[in-house]
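A closer look at the structure
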Amino acid sequence: MRKMTSNEIRSLWIKYFEEHGHKYVESAPLIPRDDDSLLWINAGVTPLKKYFDGTVIPENRRIVNIQKCIRTNDIENVGVTKRHHTFFEMMGNFSIGDYFKNEAITFAYELLTSEEWFAIPKDRLYITVYTNDTDALNKWVELGMDPSHMIKLDENFWEIGSGPCGPDSEIFYDRGEKYDPNHDALEKFKNDDEQERYVEIWNNVFSQFQSEEGKPREKYKELPHKNIDTGAGLERWCTIFQDVDSSFETDLFTPILAKIEEMSGILYNGQTAFKVIADHIKAITFALSDGASFGNTGRDYVLRRLLRRSSRFGKQLGFNEPFLYKLVGTVCETMGDFYKELYEKRGEVEGLILEEEKLFLKTLEQGMSKLDDILETVTDGVISGYDAFKLYDTYGFPLELTEEIATEKGYRVDSEGFVNYMNKQKEAAKKSNRNKTSMAKQKQVLMDFKKPSTFVYGLYRLKSSVLAIISKDSLEKTLDHDGYIVLKRTCFYAESGGQVADTGMITGKNFTARVVDVFKGPNGQHIHKVKLLSGKITTGDECEVIIDKERRHNIEANHSSVHMLQYALQTVISPKIMQAGSYVDDSKLRFDFTYTGKIFDEDLYKVEDMVNEMINRGIITSTEVMPLDKAKELGAMALFGEKYGETVRVVKIDKSIELCGGTHIANTKDVNRFAISSFESKGSNTYRIEACTNKKIETTLFDIIKPYNDEMVKLLMKSKEILEQARKLGINLTFDVTIDNSAPKSYRDIVFNRNELSYVQGEVKTLERKFQEEKEKQSLGKVDEYLTKLKDINGKKFLYLTFEHEEMGILKAIMDALANKLDNSLVFIVNIKEDNSVNFLCRNKVASLSAGYLIKQIAAISNGNGGGSVSFAQGGGKTSANLEEIYKYLVEQINEAE
């Protein structure tokens, strides 16, 4: 058994299966497309689910791949065990309804043991099979496996929720007696217990049943199309073929570990810190290269955690400044021969990591400050588990660091409480874990239906015939109710590529039907969902196909505008802008894109102007079907992560060249006009622009600015009320604001209305403030008048004032002004409100009295409540009927005071 590098293992794996009729499919990006159930691609089969559930039929039913994967459900184990990784590569071979168990086992056995391929001695292999899978057991033995190396296990059955499932054969490699010092590894292996000698290297899943909740396995139905799904972890294969103790000692990691040694000046000797950093920097580099970013939610938060964990472990190696970004180049050199996209993104990835490291170091400083605050509140010498956990979760403080600092300062940490909070978080993560999802039920009738149907571009109506009728998951000869039909030729576009399906009519001699939706079947035919308006549809019926022409035209205008919008964004702002998704219907268009810089309104004005300039030039749209390689030579834009066939359709609008299967206007003048209606950040350096064209501009933009206008009207009414109140009080105020009521035509108008509203809001606040100031001045100007009501009671000054409907702020200002002029005094103010309830204010300078006590007693007289300090108090009552009694009570209290 010869030693092999990781590149040699990858190459030999692909070569074997290509020679056995498999099509090599490049790794999908780590960020799933069209699958919200996952944060990351976490298995080799994940990007192929659409083939396994029958949604799409692949070009070749035999597939081989090496898929980039990330799993983060057990981050804390990375660096602790020998085989845990966040980023890993899964080699796989797959059969979508082609070969099955016998062939899959034969391929596996030959690839593993043949001298031409990996040449593993068969006596070093052990196979586990499902207890009831005698077919697999017999096939392995027939090929040459020693029956004593075959182990039956009930656990060898792959099943996640409802969907395709089946038994599996797991292949293990015997690493030898040096990994079995107690000579009990085989027994542990047979009992499915942990041991180091027998290491799983490949799993072959025989997907042959449809699982159903509540049913025993023996009652599961056989799948109409049986599949093979296998996975072999490259890291484990490298460990075996490079004869090392752990995957960290393989060529997948040693260059990174050597770079960390060089940077830190510390020799690697199995330290956890080295392994954590090496593992995490690979995951971070690959994820950022595939379009992920740092953030506070979802996969972005996972990346942030990985970087912060790496940075914390870096401190153990003496790194107190940003250092992780310096490892990106080594990751590229280590992995770049096979993943060439790493080099293309290197500079951008280094910049993102550097900025995130700086941010984390700042966060750590804040964490130190927070820890100091916590220590100031500790009374029993123990930092609570909750506080320790918050330091970890919010500021990235590991428990060990908190404990170390606490010990230095004479405190200890409730580590048990910390662990409890940590476990609660893990449990919550498990409940929301979306990594394990079952595949959808196979659509047998559509998978089996293979008669060709042709979609015709450029026509709005044509003659055709009914090729097939589908109702209740079966083919029918006739249809007398709503259902699905396939036509021999159709001009109805099926929803795909972000463009909605066409609607329209299909009429025959004996029927009339409305098409309400169209989708692509797994074999590529356009499936028309029809609402039968009259008659009966029969297979073979001649018919006329008529799409809603105006609706299609609007869709085409919006789709072509998406292309022009992307070109304008890349021209005006940055060629680094990459499409992240789009949606087009007859009323609007939406374009999502990634960009790491900032985007300003002024940029979008220029983008909008550029699109309209292209529209006004009357550019002819051209389409051409050509080989993919030729399209790439032309510089055609492709959606990142999308897989294309050998021939592609290229849509060209001036210098905008894109791979696209959608429908488009013939000339840009047909768009008439384009306007951006909204722009927003979706987080993770992803932005969204929504826009509209032609007749939809006025109504769409008006609906957007209507809330601004409505709020503007409210503000103007408010300003009018303030001015009227000021006039009645003899206060002279002005409010000079002019409103533009012209109809919106562009994104500039939306921004103008938004800014205008903000300006008016500010002006109204200024008007309110000035009015308040003038009222206070007016009221304080009457202080001397109020003092004429001052009474002397046994040498103590008493001032009792009554107001109606006055603001509390003004009353407090009056009270303070009066109290400042009086010593040994009590000032009491009553404010009668419109509903006849009352407010009380009391300012006391008489030594033997308490304002708080007086207010409580007086509020009780008025069925209210209140309180305060010795010098100041306030309260309220439900009625003003007892004011005379209150006045007498106050006089008595002052009279009796010493």
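In what follows, the structure referred to is the one given above.
In this text the structure is predicted, and so the values were computed from the model without any measurement. (Residues numbered from 1 in each chain as written. Predicted model: local features only at pLDDT ≥ 70, side-chain atom pairs only at ≥ 80, totals over all residues. Heavy atoms only, no water.)

1. Some thoughts on the side chain of H563
- Mapped onto the secondary structure, H563 falls in helix α16 (residues 549-572).
- Excluding its chain neighbours within four sequence positions, the residues that come into contact with H563 are V651, I653, S656, E658, C660 and H664. (Helix = DSSP H or I, 4+ residues; strand = E, 2+ residues; numbered from the N terminus. Contact = heavy atoms within 4.5 Å.)

2. A short note on the packing of aromatic side chains
- Scanning the entire structure with this criterion turns up 44 aromatic pairs.
- Considering the side-chain rings of Y484 and F519, the 6.0 Å spacing of their centres and the 75 degrees angle between planes classify their relative orientation as edge-to-face. With Y484 in strand β16 (residues 483-487) and F519 in strand β19 (residues 511-520), this residue pair connects regions lying 35 residues apart in the sequence.
- Its relative accessible area of 30% is what places Y484 among the partly exposed residues. (Phe/Tyr/Trp six-rings, centres within 6.5 Å; stacked < 30°, edge-to-face > 60°. Buried < 20%, exposed > 50% of the residue type's maximum accessible area, 1.4 Å probe, protein only.)

3. Points about the sheet that holds strand β25 (residues 621-627)
- Taken in spatial order, the three strands of this open sheet run β25-β26-β27, and their pairing is antiparallel. Pairing within the sheet leaves two strands with one partner each, and these edge strands are β25 and β27 (656-659). Across this sheet, the average inter-strand angle for adjacent strands is 25 degrees, counted without regard to direction.
- Where strand β26 (residues 647-653) meets β27, four bridges bridge the pair, whose relative direction is antiparallel. Bridged to V650 within β27 is L659. (Pairing = 2+ DSSP bridges. Axes fitted to C-alpha atoms, helices over the stretch in contact; angles between N-to-C directions.)

4. Describing unusual backbone geometry
- Residue A119 is not a glycine yet carries a positive backbone phi of 55 degrees.
- Among the secondary structure elements, A119 is positioned in the loop between α3 (101-113) and β4 (125-130).
- Since its relative accessible area comes to 8%, A119 is described here as buried.
- A positive phi angle is found at N863, which is not glycine, with a value near 60 degrees.
- Mapped onto the fold, N863 is located in the loop between α23 (851-861) and β34 (865-868).

5. A few points about the pattern of salt bridges
- Following the criterion strictly, the structure yields 39 salt bridges and no others.
- A salt bridge links E556 to R552; its shortest N-O distance comes to 3.3 Å. Residue E556 and its partner R552 are both found in helix α16; the two are separated by four residues, about one turn of the helix.
- We classify E556 as buried; its relative accessible area is 6%.
- Taking relative accessible area as the criterion, R552 reaches 2% and is therefore assigned buried.
- With a closest N to O distance of 3.8 Å, K888 and E884 form a salt bridge. Remark: E884 and K888 occur in helix α24 (residues 883-896); sequence separation between them is four residues, near one turn of the helix.
- Look at K888 and you get partly exposed, because its relative accessible area is 48%.
- One connected set of salt bridges, linked through shared partners, spans K68, D290 and E341. (Salt bridge = Lys/Arg side-chain N within 4 Å of Asp/Glu carboxyl O.)

6. A short note on empty space enclosed by the protein
- Scanning all chains against the criterion turns up three cavities of 30 Å³ or more.
- Counted as a void, the largest cavity has a volume near 60 Å³.
- Forming the walls of the largest cavity are K82, R83, R175, V199, R236, T239, I240, D245, S246 and S247.
- Of all the elements, helix α6 (residues 234-241) adds the most residues to the lining of the largest cavity, at three residues.
- The residue makeup of the lining of the largest cavity, split by class, is two nonpolar, three polar and five charged. (1 Å grid on protein atoms, 1.4 Å probe; cavity = no way out; pocket = protein on both sides within 12 Å on 5 of 7 lines; lining within 4 Å. Points joined across faces, edges and corners; volume = space filled by probe spheres on them. Nonpolar A, V, L, I, M, F, W, Y, C, P; charged D, E, K, R; others polar.)

7. Focus on the sheet that holds strand β35 (residues 872-877)
- Here we have six strands laid out as an open sheet, ordered β30-β31-β32-β33-β35-β34, and mixed in their pairing. With one partner strand each, in any of the chains shown, β30 (791-793) and β34 form the two edges of the open sheet. Going across the sheet, the axis of each strand differs from the next one's by a mean of 15 degrees, ignoring polarity.
- Both strand β32 (residues 825-832) and strand β33 (residues 838-844) contribute to a ladder of seven bridges, which runs antiparallel. Each bridged residue has a counterpart across the sheet, and for V830 the counterpart in β33 is F840.
- Packed onto the sheet, helix α22 (residues 808-821) meets β31 (796-804), β32, β33 and β35 and runs at close to 25 degrees relative to β33.
- The sheet strands contacting α24 are β30, β31, β32 and β33, and the helix crosses β31 at an angle near 165 degrees.

8. Digging into the state of the cysteines
- According to the stated counting rule, one finds zero disulfides in the structure shown.
- Free cysteine C660: the closest other cysteine sulfur is in C491, separated by 18 Å. (Disulfide = S-S within 2.5 Å.)

9. Concerning a negative patch on the surface
- Together, D154, E155, E187, D192, D193 and E194 give the surface a local cluster of negative charge.
- What makes D193 partly exposed here is its relative accessible area of 42%. (Patch = residues over 30% accessible without salt bridge, like charges linked within 9 Å, V, L, I, M, F, W, Y side chains within 5 Å. Areas by Shrake-Rupley, 256 points an atom, 1.4 Å probe, with all protein chains shown as cover. Lys, Arg positive; Asp, Glu negative; His and termini not counted. Charge placed at Lys NZ, Arg CZ, Asp CG, Glu CD.)

10. A look at the packing of helix α1 (residues 6-19) against α6
- Following both chains from N to C, one finds α1 and α6 inclined at 115 degrees, their axes separated by 10 Å at the closest point. In this structure, α1 meets α6 at a crossing whose hand is right-handed. Note on element contacts: α6 touches α1 through L234, W237, C238 and F241, opposite S6, I9, R10 and W13.
- Its residues placed into classes, the contact of α1 with α6 shows six nonpolar, one polar and one charged. (Left-handed = near helix turned anticlockwise from the far one by under 90°.)

11. Topic: the packing of helix α8 (residues 272-289) against helix α11 (residues 341-377)
- Where α8 meets α11, the closest approach of the two axes is 9 Å, and the angle between their N-to-C directions is 110 degrees. Taken together, α8 and α11 sit at an angle that is classed as roughly perpendicular. Listed contacts from α11 to I281, I284, T285, F286, L288 and S289 of α8 are L342, K345, V349, L352 and I353.
- When grouped by side-chain class, the residues that make up the contact of α8 with α11 number eight nonpolar, two polar and one charged. (Parallel < 35°, antiparallel > 145°, perpendicular 65-115°, else oblique.)

12. Some points on the nonpolar core
- W13, W140, I201, W202, W237 and I353 are the most contacted members of the largest nonpolar core, which has 106 residues in total.
- Top contributing element to this core by residue count: α8, with 11 residues.
- Not counting the four nearest positions on each side in its chain, I201 is found in contact with L112, I120, L125, I171, F172, Y173, G231, A232, G233, W237 and I240. (Core = buried A, V, L, I, M, F, W, Y, C linked by side-chain atoms within 4.5 Å.)

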